[in-house]
Amino acid sequence: GQQVMQIPQYQHVQEGEDFTTYCNSSTTLSNIQWYKQRPGGHPVFLIQLVKSGEVKKQKRLTFQFGEAKKNSSLHITATQTTDVGTYFCAVYGGATNKLIFGTGTLLAVQP
Amino acid sequence: DAGITQSPRHKVTETGTPVTLRCHQTENHRYMYWYRQDPGHGLRLIHYSYGVKDTDKGEVSDGYSVSRSKTEDFLLTLESATSSQTSVYFCATSGSSGTTRIGDTQYFGPGTRLTVL
C-alpha cells in the first residue's frame, strides 16, 4: 500500500536556526498535506499541495512539492520556540479517503 | 478547530476488559476516522467510516471494532483489551456535509490516552 518516508525523525536546533523536514514516496502523489502536532496536543492541518513544483508560504514556513510529485519539504526560517512540535506529511491512499501519515519529524528548539 | 470531542480523555483498564471510546462531531462531516499514535510509528489508521453504518478497516484493525449509527457519533471498541493496545487514540473527521472530494482536510479531536495494565 501507499507509504511515505519522512526524515529526519528528530531535529534539535538553536532558536533562530533554520529547519527542514522531507517527505518521500516511491509513487507519484495526487496531493500531499502537512500537519503540526504540538506536545500533548492533536494534529492540526497546515497546508495541502496539489500541483507539480508548487511552492506555498505561510509566514516563516515554506512548503514545496517536487516536480515529479514524489517528494515534498517543509522549511522553517529562523525557528522560534513556538515552532516546537512534530510535523507530519500525509497522503491519500488511492481512490479512497484514507489518509496515510509519515512517521513525523519532532522539532526541538532551544532558546 | 472543528467541533470534535472524545470521551473519555483518559482511561486505565485491565487486560481482558472491554473498552469503548466515543467520538462526537458537530460539523456534519461525512468521513470519520480512528487512529492510534505510538512513539516511532506516527499515526496509524485503525478503522474509518464513510457514512452511517458504512465502515472499513485501516492498517491496524485487528482487535478493534467500530460502529456508526448516527452521522455525529463514531465508536471504537476494544472487545478484550491487551497491553499492546496502550496508546493515544485520535478521532478525526473530514468532508463537508455530503461531499466526497478526495484530499479533504482532516480535523482531529483532542485524543484519548488509554492504558491497559
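Anything mentioned here points back to the structure above.
Below is a summary of the structure that appears in this document. Sequence order sets the numbering: in each chain, residues are counted from 1 along the sequence as written. The lettering of chains begins at A and the numbering of ligands begins at 1, in the order of writing. With pLDDT at 70 or above as the cut-off, local features in this predicted model cover only qualifying residues; side-chain atom pairs require 80 or more to be listed or tallied, and sums for whole chains, interfaces and linings still use all residues. The basis for the side-chain values is all heavy atoms of the structure; hydrogens and waters are excluded.

**Structural notes on the overall build of chain B**
Right, so step 1: Counting its regular elements, chain B contains zero helices and 11 strands.
Right, so step 2: In sequence order, chain B lays out its α and β elements as β-β-β-β-β-β-β-β-β-β-β.
Right, so step 3: Computed over C-alpha atoms, the radius of gyration of chain B comes to 13 Å, within 12% of the 13 Å expected from 2.2 N^0.38 for 117 residues, which places it in the range of a compact globule.
Right, so step 4: Principal-axis analysis of the C-alpha atoms places the extent of chain B at approximately 40 × 30 × 25 Å.
Right, so step 5: Across the 117 residues of chain B, 50% fall into the buried class.
Right, so step 6: In this analysis, two residues are considered to be in contact whenever any of their non-hydrogen atoms come within 4.5 Å of each other. Across chain B, the fraction of contacts at a sequence separation of at least 24, relative to all contacts at a separation of at least 6, is 57%.
Right, so step 7: When the accessible surface of chain B is totalled, it reaches about 5,400 Å², and 47% of it is carbon and sulfur.
Right, so step 8: Of the charged side chains in chain B, 12 are positive and 12 negative; the average position of the first set lies 2 Å away from that of the second. Numbered from the N terminus, helices here are DSSP runs of H or I no shorter than four residues, and strands are runs of E no shorter than two. C-alpha atoms define the radius of gyration, and 2.2 Å times the number of residues to the power 0.38 defines the globule rule. Accessible area is worked out with a 1.4 Å probe on protein chains only. A residue is then buried under 20% of its type maximum, exposed over 50%, and partly exposed in between. Surface accessibility in these figures is a Shrake-Rupley result with a 1.4 Å probe; residues are shielded only by whichever protein chains are displayed. The charged-residue count follows a simple rule in which Lys and Arg add positive charge and Asp and Glu add negative charge, with His and chain termini not counted at all. Think of each charge as sitting on NZ of Lys, CZ of Arg, CG of Asp or CD of Glu.

**Here's the deal with the interface of chain A and chain B**
Right, so step 1: Taken together, the contact between chain A and chain B spans 19 residues of the former and 25 residues of the latter.
Right, so step 2: Accessible area that two parts lose when put together, evaluated with a 1.4 Å probe and summed over both, is termed the buried area. Both faces considered, chain A and chain B share a buried interface measuring about 1,700 Å² in area, 54% of it formed by carbon and sulfur atoms.
Right, so step 3: Ranking the residues of chain A by area buried against chain B places His42, Asn97 and Lys98 of chain A at the top, with a combined share of 36%.
Right, so step 4: Polar contacts here mean pairs of N or O atoms no more than 3.5 Å apart (in protein, one a potential hydrogen donor and the other a potential acceptor; neighbouring residues in sequence count only if both atoms are side-chain atoms). Linking chain A with chain B are five residue pairs in polar contact (both at pLDDT 80 or more).
Right, so step 5: Those elements giving two or more residues to the side of chain A that touches chain B turn out to be strand 4 (32-37), strand 5 (44-49), strand 9 (85-92) and strand 10 (99-101) of chain A.

**Focus: the state of the cysteines**
Residues and elements named next belong to chain A.
Right, so step 1: Disulfide assignment relies on a single distance test, namely cysteine sulfur atoms paired within 2.5 Å. Evaluated as defined, the whole model comprises two disulfides over all chains.
Right, so step 2: At a sulfur-sulfur separation of 1.9 Å, the disulfide partner of Cys23 is Cys89. Residues Cys23 and Cys89 are joined by a disulfide whose S-S torsion is about 60°; by sign, that bridge is right-handed. Separated by 66 residues along the polypeptide, Cys23 in strand 3 (residues 19-24) and Cys89 in strand 9 bring together distant segments of the chain.
Right, so step 3: On the accessibility criterion, Cys23 (1% relative accessible area) is buried.

**Side note on the side chain of Ser25 of chain A**
Residue and element names in this part refer to chain A.
Right, so step 1: Inspection of the secondary structure puts Ser25 in the loop between strand 3 and strand 4.
Right, so step 2: Of the residues examined, Ser25 reaches a relative accessible area of 10% and is grouped as buried.
Right, so step 3: A polar contact of 2.9 Å, which involves the side chain of Ser25, links it to the backbone oxygen of Thr27.

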